[in-house]
Amino acid sequence: MKILVCITHVPDTTSKISFTDGNTKFDKTGVQYIIGPYDDYALARAVELKEQHGGSITVLNVGEAETEPTIRKALAIGADEAIRVNAFPSDAFFVAKQIASVAKEGAYDLILMGRESIDFNGGQVHSMVGELMGLPSVSPVMVLDIEGSTAKIQREIEGGKEFMELDMPFIAGCQEPIAEWKIPNMRGIMSARSKPLQVVDPTDDGVQADVEVFELPPAKEAVKLVDPENLDELVNLLKNEAKVL
Amino acid sequence: MIDVKSAETQLTPHAENQRMIAEMIRDFGKREIAPYMMEWDESQEFPIQVFKKLGELGLMGVLVPQEYGGSGFGYHEYVTAIIELAKIDGSIGLSMAAHNSLCTGHILQHANESQKARFLPKLATCEWLGAWGLTEPNTGSDAGNMKTTAVKEGDEWVINGAKNFITHGISADVAVVIARTGEPGQSRNGSAFIVERETPGFSGGRKENKLGMRCSETAEMIFDNCRIPAENLIGEVGDGFVQSLKVLDGGRISIAALSCGIAEGALDAATAYAQERHQFGKPIASFQGISFKLAEMATKVEAAKLLTSQAADLKNQGKPMTKESAMAKLYASEISVEVADEAVQIFGGYGYTKDYPVEKFYRDAKLCTIGEGTSEIQKLVISRELLK
């Protein structure tokens, strides 16, 4: 089974977010980057599926050279090879086009990625890749098991879960609890450097979205803590200060 | 058609490996150590399960070549691993370092091929936990006068005596033990032996109740007519102390790294707190009394890391590093205590409580000026090297 796992290179969840160049660019100073947490689940499930069924895992990132340490980590976790499309991931459609272009050449049985990145949280790429490739796309996938050429899937829907069976190939946007995040081991780290990492040009530079300005959300206001025994005060504050009652 | 180009940005192999190892340990620590460490510290529980997991990750055989089941890395990666563990919990770092550099390190450096093939794969994966016994109740730094003896009887050695302050003295599955095979005070009177836990006459003794490093087990090892096969002698009779000094040269790098990790952990905690804690309407970091403290602490940590890295570099190249490893151990351990002390001071009253991490760094740091050769012994080693 050939699995393609698409990963994003995103600021660590504890990073302080600020902007430069007149609030048009993200300030990368002192920011640590990680594999997108949802992509990490997708990669972890891919490693498990490979252990169960054999095959190979290719990890794909659309990004500039600075993303290579993140890609190496994915190789250390268990991917066999990596491809980096050498381009800034400017918008969802641009990224989807790059993924579809690589995926068409690789004839993958499964294309896994996170349900969304955690920088822009668009959650659009998996559906766009599906459309571009004429393949089904499912998200957010919480359970993914393979039997023969069929996948048994559970995905989260409003107020419940949806169970489905799907023939491969298809695209899945993954989330917990599809697998437990994997920590690379020392052997994985040692071997990551010798695994192939190809750098390829983007298919075109058809960037469709441009950032005019970033704005931070308003700062959180101070919190008033009310003793659980003091319900009168709570009601009074909700009524007269917050004016929500 | 995909146009293939070579990857243009490559960190040096050391730097990239070190970055990934550091990240791996931070991820592991968040999940497996940080939530429980204060409980272990309070109860002095030795969390053996953590070391089994570190073994699965390849951290219990960092320096052991892959053909013996280890990770096959060098001292730079080893130092990074200890620093990152010690930034979370010094006592986990201490036990990991003792297993790697003392017991496993002794067998790796001095044992014959058959002994290596027999013991290293189990030690490198932590299927077996290791201990190393040199210190005795009355002979710490004065190892030549040790009381533990080994006497040859036919095809066996019979060991009698006791070792104390031994990391994993109770829980180890295998120990390398230095015993006297000649007369007290005689030169070359010590030999090194491998003793397996199941050997009759070998037992763990009293567990120490310590100031810090409380979840690293420190205990006696007792030998009462303990008979081991002759093939468990490491090297030749009389080689034990020379072998031990070489093991301790590497061990000093471990303790230097441990000290750097504790100091850096305390510095990070104090830096974050100084920016969060407000007095007189400003973060306390904006007062020069605090910011200058942080500057001095950070400079000391950086200098200690550079000395440690220098010793690691020499060790990797197989060059003499007795003086440099002693300097690294001396300086890093002393500044670790100073930095942790200042961190407690920056936290003020909160730093004196167990609700914040710095009191533990403070307690853990003190071991580093004592274990694997006191600061005074390091000065002796350095001065002897200078005055040769």
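Residues numbered from 1 in each chain as written. Chains lettered and ligands numbered in written order. Predicted model: local features only at pLDDT ≥ 70, side-chain atom pairs only at ≥ 80, totals over all residues. Heavy atoms only, no water.

Draft legend 1. Just the overall build of chain A, in detail. Summing up its helical and strand segments, chain A has 6 helices and 13 strands in all. Along the three orthogonal principal directions, the C-alpha set of chain A runs to about 65 × 45 × 40 Å. The 245 residues of chain A split such that 45% are buried. Put simply, of all contacts in chain A between residues at least 6 apart along the chain, 68% involve residues at least 24 apart. For chain A, the exposed surface amounts to about 12,700 Å²; the carbon and sulfur share of it is 50%. (Helix = DSSP H or I, 4+ residues; strand = E, 2+ residues; numbered from the N terminus. Buried < 20%, exposed > 50% of the residue type's maximum accessible area, 1.4 Å probe, protein only. Contact = heavy atoms within 4.5 Å. Areas by Shrake-Rupley, 256 points an atom, 1.4 Å probe, with all protein chains shown as cover.)

Draft legend 2. Focus on the side chain of Ser333 of chain B. Residue and element names in this part refer to chain B. Summarising the element assignment, Ser333 is placed in helix 9 (residues 322-347). Overall, the relative accessible area of 0% leaves Ser333 in the buried class. Dropping the residues within four chain positions of it, Ser333 is found in contact with Ser259, Ala328, Cys368, Thr369 and Ser375.

Draft legend 3. Examining the UniProt feature "domain: Acyl-CoA dehydrogenase/oxidase N-terminal" (unreviewed entry) in chain B more closely. The positions UniProt marks with the feature "domain: Acyl-CoA dehydrogenase/oxidase N-terminal" (unreviewed entry) are residues 16-126 of chain B. The span residues 16-126 of chain B carries 73% helix and 0% strand; its end-to-end C-alpha distance comes to 25 Å. (UniProt positions renumbered as here; feature names shortened; annotations may be inferred.)

Draft legend 4. Looking closely at the domain arrangement of chain B. Residue and element names in this part refer to chain B. Domain boundaries in chain B define domain 1 (13-129), domain 2 (131-238) and domain 3 (241-387). Distance between the C-alpha centres of domain 1 and domain 2: 23 Å. Taken together, the contacts link 29 residues of domain 1 with 27 residues of domain 2. Summed over both sides, the interface of domain 1 with domain 2 buries roughly 2,400 Å², with 60% coming from carbon and sulfur. When the buried surface of domain 1 facing domain 2 is broken down by residue, Gln44, His106 and Leu129 rank first, second and third, together holding 29% of it. The partner of Arg118 in a salt bridge is Glu196, and the shortest N-O contact between them spans 2.4 Å. (Domains from an automatic or database assignment. Buried area = accessible area lost by both parts, 1.4 Å probe. Salt bridge = Lys/Arg side-chain N within 4 Å of Asp/Glu carboxyl O.)

Draft legend 5. Spotlight on the environment of Lys323 of chain B. All names here are of chain B. Its location among the elements puts Lys323 in helix 9. Overall, Lys323 belongs to the partly exposed group, its relative accessible area being 25%. For the pair Lys323 and Gln18, spaced 305 residues apart in the sequence, the C-alpha separation amounts to 25 Å.

Draft legend 6. View of helix 1 (residues 37-53) of chain A. All names here are of chain A. Spanning 17 residues, helix 1 covers 24 Å between terminal C-alpha atoms, matching the ideal 24 Å at 1.5 Å per step. Extensive coverage of helix 1 is indicated by the burial of 13 of its 17 residues. Trailing helix 1 by a residue or two, Gly54 shows a phi angle of about 75 degrees, which is positive. (Expected span 1.5 Å × (residues − 1).)

Draft legend 7. Quick peek at the packing of helix 3 (residues 92-106) of chain A against helix 4 (residues 125-133) of chain A. All names here are of chain A. Put simply, helix 3 and helix 4 touch, their axes get as near as 8 Å, and they point 50 degrees apart. Here helix 4 runs oblique to helix 3, going by the angle between their axes. Where helix 3 crosses over helix 4, the two elements pack in a sense that is right-handed. When helix 3 is examined against helix 4, the residues Ala92, Phe93, Val95, Ala96, Lys97, Ile99, Ala100, Ala103 and Lys104 are found in contact with a partner set consisting of Val125, Met128, Val129, Leu132 and Met133. Grouping the amino acids of the contact of helix 3 with helix 4 by side-chain chemistry returns 12 nonpolar, no polar and 2 charged. (Axes fitted to C-alpha atoms, helices over the stretch in contact; angles between N-to-C directions. Parallel < 35°, antiparallel > 145°, perpendicular 65-115°, else oblique. Left-handed = near helix turned anticlockwise from the far one by under 90°. Nonpolar A, V, L, I, M, F, W, Y, C, P; charged D, E, K, R; others polar.)

Draft legend 8. Quick peek at empty space enclosed by the protein. All names here are of chain B. Going through the model one piece at a time under the given rule, you end up with 1 cavity of 30 Å³ or more. Its volume calculated, the largest cavity comes out at about 60 Å³. Taken together, Met37, Met38, Ile88, Asp89, Gly90, Pro357, Lys360, Phe361 and Asp364 make up the full set of residues lining the largest cavity. The set of elements that each furnish at least two residues to the lining of the largest cavity consists of helix 2 (37-43) and helix 10 (358-368). In terms of residues, the lining of the largest cavity owes the most to one element, helix 10, which gives 3 residues. Classifying every residue of the lining of the largest cavity gives 5 nonpolar, 1 polar and 3 charged. (1 Å grid on protein atoms, 1.4 Å probe; cavity = no way out; pocket = protein on both sides within 12 Å on 5 of 7 lines; lining within 4 Å. Points joined across faces, edges and corners; volume = space filled by probe spheres on them.)

Draft legend 9. Here's a closer look at the pattern of salt bridges. Counting across every chain of the model gives 37 salt bridges over all chains. In this structure, Glu338 of chain B and Lys300 of chain B form a salt bridge, with 2.9 Å as the shortest nitrogen-oxygen distance. Linking Glu338 of chain B in helix 9 with Lys300 of chain B in helix 8 (residues 288-316), this pair joins segments that are 38 residues apart in sequence. For Glu338 of chain B, a relative accessible area of 33% puts it in the partly exposed group. Looking at Lys300 of chain B, the relative accessible area reads 27%, which means it is partly exposed. Beyond isolated ion pairs, a larger network of salt bridges with shared partners links Arg45, Glu48, Asp145 and Lys182 of chain A.

Draft legend 10. Structural detail: the environment of Pro47 of chain B. Inspection of the secondary structure assignment puts Pro47 of chain B in the loop between helix 2 and helix 3 (48-57). A relative accessible area of 0% means that Pro47 of chain B is categorised as buried.

Draft legend 11. Quick look at the nonpolar core. The biggest cluster of nonpolar side chains holds 140 residues, and the ones touching the most others in it are Leu144 of chain A together with Leu59 and Ile107 of chain B. Broken down by element, the residue count for this core peaks at 17 residues, all from helix 7 (residues 240-276) of chain B. Among all residues touching Ile107 of chain B, those that are not within four sequence positions of it are Gln115, Lys116, Phe119, Leu120, Leu123, Val176, Ile194 and Ile234 of chain B. (Core = buried A, V, L, I, M, F, W, Y, C linked by side-chain atoms within 4.5 Å.)

Draft legend 12. Main features of the state of the cysteines. Tallied over the full model, the rule gives 0 disulfides over all chains. The thiol sulfur of Cys226 of chain B is not disulfide-bonded, and the nearest other cysteine sulfur, from Cys103 of chain B, lies at 14 Å. (Disulfide = S-S within 2.5 Å.)

Draft legend 13. How the structure looks around the environment of Thr353 of chain B. Residues and elements named next belong to chain B. Inspection of the secondary structure puts Thr353 in the loop between helix 9 and helix 10. The exposure class assigned to Thr353 is partly exposed, which follows from its relative accessible area of 27%. Measuring from C-alpha to C-alpha, the distance between Thr353 and Ile255 comes to 26 Å, with 98 residues separating the pair along the chain. Side-chain polar atoms of Thr353 contact the backbone oxygen of Tyr350, separated by 2.7 Å. (Polar contact = N/O pair within 3.5 Å; in protein donor to acceptor, adjacent residues only side chain to side chain.)

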